[in-house]
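Observations on the three-dimensional arrangement
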Amino acid sequence: MSPNPPHIPVLLNEVLAALFPLENKIIVDGTFGAGGYSRAMLENGASVIAIDRDPNVEQYANKLKDEFGDRFTFLSGNFSDIDSLVDENVDAIVLDIGVSSMQLDEASRGFSFMRDGPLDMRMSASGRSAADLINSLNERELSDILFAFGEEKRARRIAKAVIDARKTQSITTTLELANIIEETIGKNPKGNHPATKSFQALRIAVNEEFNELVKALFFAEKKLRLGGVLAIVSFHSLEDRIVKRFFASSKAGSQGSRHMPVAVEQIASWSNIAKPKKALIEEVEKNPRSRSATLRFATRTDAPARELNFQNLGVPLSKRGAL
Ligand SMILES: C[S@@+](CC[C@H](N)C(=O)[O-])C[C@H]1O[C@@H](n2cnc3c(N)ncnc32)[C@H](O)[C@@H]1O
């Protein structure tokens, strides 16, 4: 690895251990980023098909292509399209969901309330930006997103302040929004910035992150061969809950409900569901981003793949379809 990687991979040893042995395996790295995971897998003898929706990561992919030739393929796109992007059945699929350091640190991407930039937050640099949402959603819609995706208890007050502010002028920069939030709810006694939760919520909404995750989980179930491993690193409790329930919901008989008991006992799609893994203190000291990361992984059985289903996974706002 280069001395100053643009993004330090999180829980890398734990992810590699989940996939061990790697030699001659075909692995999908669905969140390529700066290629930290891909590189380690390639160095351990695997072939890697990498996916990322951020056009800026292609420079890192080209470097791996030069070094590892045919063992490395990069596909630009969303990991929720894994079914159509990847033709073959594979041995493992890994997702390290969240924002890369390159995205956070580059002011022009608009992810950070610490740096002034356009209120953008689009990982793929296309589609609706955070400014589009902030200036077009009504008060209720905005409040719902801040509450459901950011667990922001003061969502209503923030939404009202945003609607009032934009009557005079559109809100177009990260610092404008961060200042409106700080003026409305004040500084946080715990020290983190008062806009933290609202920015998380907007980022999730702009990039439809829950929608992407749920689709990827079900399509991974389809794409993995018998004995293949699905490993997911998530960065907040809402995502982790979805992954946990997804694996658990495939257990025999667990898809029924009080209203519709299971008629036929089902075979679970996943076995060896590992206990969640967190970063060791040594890693957290070197890379504070790893503090909130959780790794979950499981092994694919030969049960038929389930159909895409958003129910019972705890996806916020999914009942109203606003993902
Ligand atoms: C935390 S970084 C991954 C870092 C990587 N593991 C490494 O070691 O460098 C997450 C990456 O996933 C990408 N990403 C997030 N959601 C995605 C999606 N739905 N489809 C494709 N790429 C996505 C982001 O653009 C970002 O580059």
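In the block above lies the structure referred to throughout.
This is a predicted model, so every value here is computed, not measured.

Regular strands have side chains that alternate between both faces of the sheet. Of the strand pairs in this sheet, strand 1 (residues 26-29) and strand 2 (residues 47-52) are connected by 4 bridges, and their pairing is parallel. Each residue of the ladder has a partner; that of Val28, found in strand 2, is Ile49. The parallel pair strand 1 and strand 2 is bridged by helix 2 (residues 36-43), and the resulting crossover is right-handed. As paired elements, strand 1 and strand 4 (residues 90-96) share 3 bridges and run parallel to each other. Counted as the bridge partner of Asp29 is Val94 from strand 4.

Before going further, it helps to spend a moment on the side chain of Lys25. Positionally, Lys25 belongs in the loop between helix 1 (12-19) and strand 1. Notably, Lys25 is buried but unbridged: the nearest opposite-charge side chain belongs to Asp91, and the N-O separation is 6.6 Å. Ignoring anything within four residues of it in the chain, the contact list for Lys25 reads Leu19, Phe20, Ala46, Ser47, Asp91 and Arg225.

Let us look at helix 2. When you tally the buried positions in helix 2, you get 7 out of 8 residues, the bulk of the element. Of the residues making up helix 2, those classed as buried are Gly36, Tyr37, Ser38, Arg39, Ala40, Met41 and Leu42. Two residues or fewer past helix 2, Gly45 is found with a positive phi of approximately 95°.

Turning to the packing of aromatic side chains, a few remarks are in order. A complete count under the given rule lists 8 aromatic pairs for this structure. When the centroid spacing of 5.7 Å and the interplanar angle of 55° are considered together, the rings of Phe246 and Phe247 count as tilted. Relative accessible area serves as the criterion here: at 0%, Phe246 is assigned to the buried category. Classification of Phe247 as buried rests on a relative accessible area of 1%. Three or more aromatic residues link up through ring pairs in this structure, and these residues are Phe218, Phe246, Phe247 and Trp270. Seen from the ring of Phe235, Arg289 lies directly overhead, with NZ or CZ sitting 4.9 Å from the centre.

The rules behind each value
Residues numbered from 1 in each chain as written. Predicted model: local features only at pLDDT ≥ 70, side-chain atom pairs only at ≥ 80, totals over all residues. Heavy atoms only, no water. Pairing = 2+ DSSP bridges. Helix = DSSP H or I, 4+ residues; strand = E, 2+ residues; numbered from the N terminus. Right-handed = clockwise from strand over helix to strand, strands pointing away. Buried < 20%, exposed > 50% of the residue type's maximum accessible area, 1.4 Å probe, protein only. Lys, Arg positive; Asp, Glu negative; His and termini not counted. Salt bridge = Lys/Arg side-chain N within 4 Å of Asp/Glu carboxyl O. Contact = heavy atoms within 4.5 Å. Phe/Tyr/Trp six-rings, centres within 6.5 Å; stacked < 30°, edge-to-face > 60°. Lys NZ or Arg CZ within 6 Å of the ring centre and 35° of its normal.

Function cannot be inferred from these measures alone, as they are strictly geometric.
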